[in-house]
Structure formats: C-alpha cells, structure tokens
Amino acid sequence: MPLILLPLLLQITPIQPLPKGTGLPPSPQDEASAVMAPVNAAFAAIAARNGELLRPVVREEGNLFVASVAADGTRKITRRPMTEFITGMKPGPERYEERLYDPAIEVDGDVALVWGRYNFYIDGKLHHCGYDHFDLVRESGQWRIANITYSSRTTGCEG
C-alpha cells in the first residue's frame, strides 16, 4: 500500500518560473504614480512660470481647453494649442500654485486620464477653481500629456 500512495503524494504540478528579464505588471499604485508624474511636472512648470518645463511632458500638437464661467454667469470655451500654452507662460512676481484634490486616474493600455477638482492660488490667495482633465498617452514607456481641459470659475470654490 505505501508503494501506491507514495507516487500519488509525489505528484506535483510543475510551475514554470517567470521568464528572466520580465516581471509582473506594475501595481495600480505604481501605474498611478507614473501617470501622475507628467501632471505633477505640469503643476511644477506653472509654479515656476516656465513653459519650457512643459515640453518634455506634453505632446506639443495637443491642446488646452478652458471652459470658463464668469461671476455674472457668462460661459466661454477657449482653445489654445499646447505650443501657445508653453510659450505664453512667462515669469512674473506673483507666486502661482495649483492644488489637485483626490484625482481619479484611469488607465487602459497606453491611454490614461486624470480628473479631479482643483484650486488655483496666486500669492497664497484662492483665485479660481474647477475641474482638471488630463488626457495622457504612453510613448516609448513614458506618459505624456496629450490634452488638458479644465473648467474655471471664481465662485463656489471650496478652500
């Protein structure tokens, strides 16, 4: 009897090792960090008021869309080519800061989006707010911003 059980106990389904040089897909947190890297770089460029810092993290053929609502309720959609956004950012005495709150990050292959509420401050004072939407694509392993769309208003902003 032990001779019959022994072969049954020793039957192990072999598990192939992972091929060398490849790993598991990145964790969702790693992927989110990679997607947010160019978004955070864009905020740093805005804070530095240096459009040239945007060039490595954006697709220059992209666009910037602003859906603004004035205090009197007037609505306006403005489109600027990304190159105009880059070259239009000029140094100045004011300190700019944009804060993005609890962004939603969605990824499908080489396409991603970041969506979240933001506040924009000038010299520490709340200037306007809205929602940011970044379209991103992964090229040669690097995430780049393809388009930026955001809403902008001066009323109803949360601090």
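Before reading further, recall that the structure is shown in the block above.
In this report, the structure presented in the accompanying data block is examined.

The rules we used
Residues numbered from 1 in each chain as written. Predicted model: local features only at pLDDT ≥ 70, side-chain atom pairs only at ≥ 80, totals over all residues. Heavy atoms only, no water. Helix = DSSP H or I, 4+ residues; strand = E, 2+ residues; numbered from the N terminus. Buried < 20%, exposed > 50% of the residue type's maximum accessible area, 1.4 Å probe, protein only. Contact = heavy atoms within 4.5 Å. Areas by Shrake-Rupley, 256 points an atom, 1.4 Å probe, with all protein chains shown as cover. Phe/Tyr/Trp six-rings, centres within 6.5 Å; stacked < 30°, edge-to-face > 60°. Lys NZ or Arg CZ within 6 Å of the ring centre and 35° of its normal. Pairing = 2+ DSSP bridges. Disulfide = S-S within 2.5 Å. Polar contact = N/O pair within 3.5 Å; in protein donor to acceptor, adjacent residues only side chain to side chain. Core = buried A, V, L, I, M, F, W, Y, C linked by side-chain atoms within 4.5 Å.

1. Topic: the overall build of the protein chain
Now for step 1: A tally of helices and strands in the protein chain yields 3 helices and 6 strands.
Now for step 2: Along the chain direction, N to C, the helices and strands of the protein chain fall in the order α-α-β-β-α-β-β-β-β.
Now for step 3: Put simply, the protein chain has 159 residues, and 27% of those count as buried.
Now for step 4: A fraction of 54% describes how many contacts in the protein chain between residues 6 or more apart in sequence connect residues 24 or more apart.
Now for step 5: When the accessible surface of the protein chain is totalled, it reaches about 10400 Å², and 59% of it is carbon and sulfur.

2. A few points about the packing of aromatic side chains
Now for step 1: Counted by the stated rule, this structure contains 4 aromatic pairs.
Now for step 2: On the numbers, 6.0 Å between centres and 85° between planes, the contact of Tyr118 with Tyr150 is edge-to-face. Of this pair, Tyr118 sits in strand E4 (residues 111–122) while Tyr150 sits in strand E6 (residues 142–153); the two residues are 32 residues apart in sequence, bridging distant segments of the chain.
Now for step 3: Directly above the ring of Tyr96 sits Arg49, whose terminal nitrogen or CZ lies 4.0 Å from the centroid.

3. Thoughts on the pairing of strand E2 (residues 75–81)
Now for step 1: Sheet topology note: the strand E1 (residues 58–69)/E2 ladder contains 7 bridges and is antiparallel. Its bridge partner being in E2, Ala67 is matched across the sheet by Ile77.
Now for step 2: Hairpin connection between E1 and E2: a loop of 5 residues separates the two successive antiparallel strands, and Gly73 in this loop has a positive phi of roughly 95°.

4. Structural notes on the state of the cysteines
Now for step 1: If you walk through the whole model with that rule in mind, you get 1 disulfide.
Now for step 2: Note that Cys129 is cross-linked by a disulfide to Cys157, the S-S spacing being 2.1 Å. Because the torsion about its S-S bond is -85°, the bridge between Cys129 and Cys157 counts as left-handed. Remark: Cys157 occurs in the segment after E6 and Cys129 occurs in strand E5 (residues 125–139); sequence separation between them is 28 residues.
Now for step 3: In this structure Cys157 comes out as partly exposed when scored by relative accessible area, which is 23%.

5. Examining the environment of Arg138
Now for step 1: With respect to the element layout, Arg138 can be found in strand E5.
Now for step 2: By relative accessible area, Arg138 is classed as partly exposed at 23%.
Now for step 3: Along the chain, Arg138 and Asp110 lie 28 residues apart, while their C-alpha atoms are 4.8 Å from each other.
Now for step 4: Apart from the residues within four sequence positions on either side, Arg138 is in contact with Glu31, Gly109, Asp110 and Trp143.
Now for step 5: A distance of 3.1 Å separates the side chain of Arg138 from the side chain of Glu31, its partner in a polar contact.
Now for step 6: A distance of 2.8 Å separates the side chain of Arg138 from the side chain of Asp110, its partner in a polar contact.

6. Regarding the nonpolar core
Now for step 1: Core analysis: the largest hydrophobic core is formed by 26 residues, its most contacted members being Val39, Leu54, Phe85, Val114, Phe134 and Leu136.
Now for step 2: Within the residue set of this core, elements represented by two or more residues are helix H2 (28–48), E1, helix H3 (82–88), E4, E5 and E6.
Now for step 3: For this core, the element with the highest residue contribution is H2, accounting for 7 residues.

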